[in-house]
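# Fold and geometry: a report
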Amino acid sequence: MRRLLLDGILQAPLTERPPMPEDWAIAELAAAIDRAARQRLGRSLSIRTVDAGSCNGCELELNALNNVFYDIERFGVRFVASPRHADVLTVTGPVTKNMREALRRTYEAMPNPKWVVAIGDCARDGGCFAGSYAVLDGAHSVVPVDLHIPGCPPSPREILMGLLALIEQVNS
């Protein structure tokens, strides 16, 4: 017991390294998204996420946007629990037949203007689950998709770049 206590006192804590200087680009991306959203919507961007049957890889990357490294909420981009408060619907995973109705209802509950972003390869076309009896042909078979962010899973930076591209495309 003494040895364990002594080791805990003398050894440095196990923590992750701070973000590299290139991660300041993430802050610039998030700030650009906030500016574009305020120009287009007159307020910050609200995102509702639907997991339509994924392996949780894309959800981990979306959740990383809220951690201390990225902290996109400080730039006005926030995740909301209700589709009635959302501007963007992000769909992850291959859309299973059991999630078809829930995804459709979530989309219909969103106010206009609304956009749908398919995140990851599975949301595009079913990914490695395509052809399964339980999986549809991607999110576009249930709701109109405005943007697809490829990857398995895409990084938080790629997700931010995709959201910025979506808003800038809508603004032009």
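As a starting point, this report considers the structure included with it.

What counts, and where the lines are drawn
- For every chain, the first residue of its written sequence is number 1, and the numbers climb from 1 along that sequence.
- Reporting in this predicted model follows two pLDDT cut-offs: at least 70 for local features of residues, and 80 or more for side-chain atom pairs to be given and counted; totals over whole chains, interfaces and linings ignore these cut-offs and use all residues.
- To obtain the side-chain values, all non-hydrogen atoms of the structure were used and water was disregarded.
- Only DSSP runs of H or I with at least four residues qualify as helices, and only runs of E with at least two residues qualify as strands; both kinds are numbered from the N terminus onward.
- It only takes one pair of heavy atoms within 4.5 Å for two residues to be counted as in contact.
- Throughout this description, a polar contact denotes any pair of N or O atoms lying within 3.5 Å of each other; where both atoms belong to protein, one of them has to be capable of donating a hydrogen while the other can accept it, and for residues adjacent in sequence the pair is counted only when both atoms sit in side chains.
- Each pair of aromatic rings taken from Phe, Tyr and Trp, with Trp reduced to its six-membered ring, is defined by centres within 6.5 Å and is described as stacked if the planes are under 30 degrees apart, edge-to-face if over 60, and tilted in the remaining cases.
- Whether a charge sits over a ring comes down to the Lys NZ or Arg CZ being within 6 Å of the ring centre and within 35 degrees of the ring normal.

One can expect most non-glycine residues to show negative phi and most peptide bonds to be in trans. Cis geometry marks the peptide bond from Asn-112 to Pro-113; its omega dihedral reads -5°. Tracing the sequence through the fold places Pro-113 in the loop between helix 4 (100–109) and strand 4 (115–119). With omega at -10°, the peptide bond leading from Cys-152 into Pro-153 counts as cis. Relative to the helices and strands, Pro-153 is located in the loop between strand 5 (147–149) and helix 6 (156–171). You will see that Asn-56, though not glycine, has its phi angle at about 80°, which is positive. Residue placement: Asn-56 occurs in the loop between strand 1 (46–51) and helix 3 (57–64).

In this structure, Ala-118 sits in strand 4. Contact partners of Ala-118, with chain neighbours within four places excluded, come to Val-91, Ala-123, Val-145, Leu-147, His-148 and Ile-149.

Tracing the backbone through its elements, the reader meets Thr-90 in strand 3 (residues 88–92). Side-chain polar atoms of Thr-90 contact the side chain of Thr-49, separated by 2.8 Å.

This structure, assessed with the given rule, holds zero aromatic pairs. Over the face of the ring belonging to Tyr-107 we find Lys-114, whose NZ or CZ atom lies 4.1 Å from the ring centre.

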